[in-house]
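Each chain, written out:
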Amino acid sequence: MKKSVLSLSLACLSLLATARTEPMNTFVDNLLSKMTLEEKIGQLNLLPGGDITTGAVMKSPLADLAANGRLGAVLNVKGVDKIRALQEVAVKKSRLGIPLLFGQDVIHGYQTVFPIPLAQSCSWDLEAIEQGARIAAREASAQGINWVYSPMVDIALDPRWGRIAEGNGEDPFLGSRIGEAMIRGFQGNYGRENVMACVKHYALYGAAEAGRDYNTVDMSRQRMFNQYFPPFKAAAEAGAGSFMSSFNVVDGIPATGNRWLLTDVLRDRWHYDGFLVTDYGAIGEMVAHGVGDLKAASVQALHAGTDMDMCSDAFAKTLAEAVKAGKVGVEEIDRACRRVLEAKYKLGLFTDPYRFCDARRAKTELYTAEHRAAARQMAAETFVLLKNDRMPGAASNGEDSRLLPLKKEGTIALIGPLGDTRSNVVGCWSTGDTPDRYSTLREGMERAVADKARIVYAQGCNIYDDEAVQEAGTFGRPIPRVDKQAARAEALRLAGEADVIVCAMGELAEMSGECASRSDLSLPDAQADLLRRLVALGKPLVLLHFSGRPTVLAWENEHVPAIMNVWFGGSELADAIPDVLFGDKVPSGKLTVTMPRSLGQVPLYYNHLPTGRPVREGEQAFRKYRSNYLDVRNDPLYPFGFGLSYTTFRYSDVALSSTTMGPTGSVEASVTVTNIGGCDADEIVQLYIHDRVASLSRPVKELKGFRRIRLKAGESRRVNFTITPSLLTFYNNDLREVLDPGDFDVMIGPNSRDVKAAVLKVE
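Definitions and limits used
Residues numbered from 1 in each chain as written. Predicted model: local features only at pLDDT ≥ 70, side-chain atom pairs only at ≥ 80, totals over all residues. Heavy atoms only, no water. Salt bridge = Lys/Arg side-chain N within 4 Å of Asp/Glu carboxyl O. Helix = DSSP H or I, 4+ residues; strand = E, 2+ residues; numbered from the N terminus. Pairing = 2+ DSSP bridges. Contact = heavy atoms within 4.5 Å. Axes fitted to C-alpha atoms, helices over the stretch in contact; angles between N-to-C directions. Buried < 20%, exposed > 50% of the residue type's maximum accessible area, 1.4 Å probe, protein only.

1. Remarks on the pattern of salt bridges
Two side chains with opposite charge may pair up if their charged atoms get near one another.
Right, on to step 1. Considering all chains together, one arrives at 52 salt bridges under this definition.
Right, on to step 2. Across the salt bridge formed by Glu-507 and Arg-549, the nearest N and O atoms sit 2.6 Å from each other. Within this pair, whereas Glu-507 is found in the loop between strand S14 (500-506) and helix H20 (525-535), its partner Arg-549 is found in the loop between strand S15 (541-546) and helix H21 (554-559), the two being separated by 42 residues in sequence.
Right, on to step 3. Where salt bridges share partners, they join Asp-105, Arg-163, Glu-166, Lys-200 and Glu-514 into one cluster.

Here it is, written out as structure tokens:
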């Protein structure tokens, strides 16, 4: 009976889906029947617009292509007036009046800039992340943009890779949930304030060898399915409108031309029906990978399942000739063209090509007070308090003796090159930002203390002593070069006269992101030298560490009393930092990346496979013929999921509703969490699972659930997780999803290291 009901329900859903798509199918069928081969290929052509002016639109090569039906989408044109002018050319001058897509990298906000994605993930706040994507869509669509290249759901384990800043960290479970939230926020129901999401980079881009951007990737397929593919599968099932292929090779074949990846897995296995675009110039780059000339690369990419060519001009130049030569079938071009037309239909562009060109929205819906408040709140949730020791010379009397939060009194010396910069607070990939409207940290701290305290500031040093290295990391967001001796002397003088020192140091915004790989993840030399001198003064000192990746803070952890990773918090960072620094808000961020003790440990991640010769977690002494280093402990400096608070949380033992579970059952796992400190605060409770015995070696632990809760001082709450068989499955070497019976460790705690455990037997 249950099976019959289920079959009937699935049949009803199928009929409902068909009813919804039938008008689109009929419309697209009719349009395709009218199109010439050249017009169909034109829909597969995406070209950059650059800084084209409104007056020059009619004379631009883009206008000629649009008028002749040889253009499907445009990249990086900003402004309603410019976008409307180009859209009018496409709609009014082309033979069939097919509208254009207008795409842009809207990664973490538009003019209201939210924290970089890696920072957002450290909030573990799916509602806030979805809201941030919704606000980004509202602002971008108010400027005429209808397609955004986000979310990036690449799993990244090597912090040398700069684009780790653009993703959600190292965990596939959390990355899947964040990707789903962002897709909901961006796309909604494809209303006038929504945009189409583009999930990237499919796939494995975050596994580039040596952490060097665009580099080689090679791994087993079962690792792909278990560790790297889950966020992409989740995004496909969440209904993302488009996917973007990656630059790297997969099984030795460029992803853009890899049929197994794009068709066998994405289309056939996951049943994805959106359209697939290349990354910038990727078809042209296939030539460098050795697939042949541009025509051969185009043919291979189309055969593989690529629908749209971004900025290689390869499809436009070669596909018509390839059809004549019999290397490409018209049905393949029809298939790709259909998917692009369907995307335009879903966005409502055939009904109203100018629905995203409302000049009134552009004047009233960008950088509003409501949007800024949301960005400020999210930024405060992303900061990760890594260390908070007693103030020098203070007696130990619990939380009251901790250095943070600071009091709004006395003289506070703000020192460091990140303390008075506007353009660097937002972070990388902020293509719609307007830095002149944003505050510096110095200005935010001055507002926060008002007349209660005095803020003095000195830049103190350069980013790097080497001017060329510093210049490479600025990329349009410069920091003034200063005289080393004079700047240091000024900083030490002001710090010596102050009651508390706050150091704003770390990376510049463009030292992470695309083409921003680093071989040394320690604090840059000029800043490290100044920090050591400031610490030597013996005064209370807080390090506000700016970064777009995990870094190595071993010396800082040993010598600096308080450290807070503030990442790059977006346009409202200047006010969000004082909110937490002075205790108006309590830090609640938790790491979604593992932070190593030494660069030599990289890649270092919590959900690793066991070794046959392990050492105990946290063991300090070297052990011969064991899997360890001569010169550094195995364990990280700060583990995945770690983050301190201004209060203290106590966890009870783990309780299971049953110690056994059948293959179709479920079990409740729970703990009681108590806020035993003196302030109300948020805590992120984390569930991990370890499969003790399986047909494949399984990770030592895997995140399978989390809850963000708020507890008043003294309050307790029971936190429950439902464990189902789907949380315990994995892909075997035949790429079949399986659940092996046996014992599973069920672990709950505040991070991946400090957990309480119980054993569940699956029968």
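That shown, we press on.
2. Concerning the sheet that holds strand S4 (residues 147-148)
Right, on to step 1. Taken in spatial order, the eight strands line up as S9-S6-S5-S4-S3-S2-S1-S10 in an open sheet, and their pairing is parallel. Because the sheet does not close on itself, it has two edges, and the strands there are strand S9 (275-277) and strand S10 (309-310).
Right, on to step 2. One ladder, built from three bridges, connects strand S5 (residues 196-202) with strand S6 (residues 242-245); its direction is parallel. Each residue of the ladder has a partner; that of Val-199, found in S6, is Phe-243.
Right, on to step 3. Of the strands in this sheet, S4 and S5 touch helix H7 (residues 172-187), which is tilted by about 150° from S5.

3. Let's talk about unusual backbone geometry
Right, on to step 1. With an omega of 5°, the peptide bond running from Tyr-202 to Ala-203 counts as cis.
Right, on to step 2. Omega for the peptide link from Leu-404 to Pro-405 comes to 5°, which places this bond in the cis form.
Right, on to step 3. Its place among the elements puts Pro-405 in the loop between strand S11 (384-388) and strand S12 (411-415).
Right, on to step 4. Despite not being glycine, Cys-311 shows a phi value in the positive range, around 70°.
Right, on to step 5. Of note, Cys-311 is situated in the loop between S10 and helix H13 (314-324).
Right, on to step 6. Despite not being glycine, Cys-515 has its phi angle at roughly 55°, a positive value.
Right, on to step 7. For Cys-515, the position within the fold is in the loop between S14 and H20.
Right, on to step 8. When its relative accessible area of 58% is taken as the criterion, Cys-515 is described as exposed.

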